[in-house]
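Listed below, chain by chain, are the residues.
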Amino acid sequence: DTVTPLTSTGFRCATGVSASVERNAARRYHSQRLLELLQPLLMAASALTGLAASPGTYVGRALVAERPDALLGRTTEVLVVRSASMEWLEAISRAGAVVPEIGGKTSHAATICRALGKPCVTAVASVTFLIRSGALVAVDGGAGTVTVLD
C-alpha cells in the first residue's frame with residue numbers, strides 16, 4: 001500500500017481510502033482522546049453506577065482484564081472486564097467481585113456470581129477505561145455501585 005501525506009485529520013491513509021473511512025477513523029481517535037482528557041474529571045465523582053446484578057459488597061484491588069486466558073490460575077480481587085462469556089468462568093470463580101462493562105441481570109457474569117455468592121455490578125459504562133488495574137475499589141452488588149477509593 002502506498003501511504004499518502006498526512007491528511008487534514010492527522011491520519012495517513014492508504015491511496016484509495018474513502019473520505020468517509022478517514023472521517024470515521026478521525027472521529028474514533030478524537031472520541032478516545034476526549035475520554036482520556038476527561039478521565040480525571042469523571043473520576044472526581046468516583047462512584048460509578050450500573051445494574052445491581054448480584055448482591056453483596058467487596059473492597060479490593062481492581063484487575064482490568066481483556067482475555068480470560070491471561071488469568072488462568074490467578075486469584076483476583078475485583079475483576080473488571082468488557083464482557084464475560086463461558087471462557088471467563090474460572091476467572092470469575094477466583095474473583096472476589098466482578099464488574100463487566102456490558103451485560104445485564106441475566107448475563108453470564110451475573111448468573112455465575114449469584115450462584116457463587118459474589119457481588120456483581122453489570123452495565124457500568126466505560127468501566128474498563130475509567131478504572132485502572134491496581135485501583136482500590138468498593139463494589140456494592142446490591143446498590144449497583146462501584147466506588148474508586150484511591
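This report concerns the structure included in the present document. (Residues numbered from 1 in each chain as written. Predicted model: local features only at pLDDT ≥ 70, side-chain atom pairs only at ≥ 80, totals over all residues. Heavy atoms only, no water.)

Looking only at helices and strands, the protein chain has 4 helices and 8 strands in total. In the protein chain, the order of α-helices and β-strands from amino to carboxyl end is α-β-β-β-β-α-β-α-β-α-β-β. When contacts within the protein chain are restricted to residue pairs at least 6 apart in sequence, long-range pairs at least 24 apart make up 46% of them. When the accessible surface of the protein chain is totalled, it reaches about 8,300 Å², and 57% of it is carbon and sulfur. (Helix = DSSP H or I, 4+ residues; strand = E, 2+ residues; numbered from the N terminus. Contact = heavy atoms within 4.5 Å. Areas by Shrake-Rupley, 256 points an atom, 1.4 Å probe, with all protein chains shown as cover.)

In this section: the pairing of strand β8 (residues 145–148). Because side chains alternate across β8, one face comprises the buried residues Val 146 and Val 148, and the other comprises Thr 145 and Thr 147, none of which is buried. Pairing geometry for strand β1 (residues 47–49) and β8, over 3 bridges, is antiparallel. The residue bridging Leu 48 from the neighbouring strand is Val 146, located in β8. Examined bridge by bridge, strand β7 (residues 136–140) and β8 share 4 bridges and lie antiparallel to one another. The partner of Val 137 across the bridge, within β8, is Val 148. Hairpin remark: β7 followed by β8, antiparallel, with 4 residues in the connecting loop; positive phi at Gly 144, about 75°. (Buried < 20%, exposed > 50% of the residue type's maximum accessible area, 1.4 Å probe, protein only. Pairing = 2+ DSSP bridges.)

In this section: the pattern of salt bridges. Counted according to the given criterion, the structure contains 4 salt bridges. The partner of Asp 69 in a salt bridge is Arg 67, with the nearest N and O atoms 3.1 Å apart. Note on Asp 69: relative accessible area 47%, which makes it partly exposed. (Salt bridge = Lys/Arg side-chain N within 4 Å of Asp/Glu carboxyl O.)

This part covers the environment of His 108. Positionally, His 108 belongs in helix α3 (residues 108–116). Remark: the alpha-carbon pair of His 108 and Met 86, spanning 22 residues in sequence, is separated by 7.1 Å. Among the polar contacts listed, one links the side chain of His 108 to the backbone oxygen of Ser 85, at a separation of 3.2 Å. (Polar contact = N/O pair within 3.5 Å; in protein donor to acceptor, adjacent residues only side chain to side chain.)

The topology assignment puts Lys 118 in the loop between α3 and β6 (120–122). On the basis of relative accessible area, Lys 118 is assigned to the buried category, the value being 14%. Taking C-alpha positions, Lys 118 is 6.3 Å from Gly 96, a pair spaced 22 residues apart along the chain. In contact with Lys 118, not counting residues within four places along its chain, are Ser 54, Pro 55, Ile 92, Ser 93, Ala 95, Gly 96 and Cys 113. There is a polar contact of 3.2 Å between the side chain of Lys 118 and the backbone oxygen of Ser 93. From its side chain, Lys 118 meets the backbone oxygen of Ala 95 in a polar contact 2.6 Å long.

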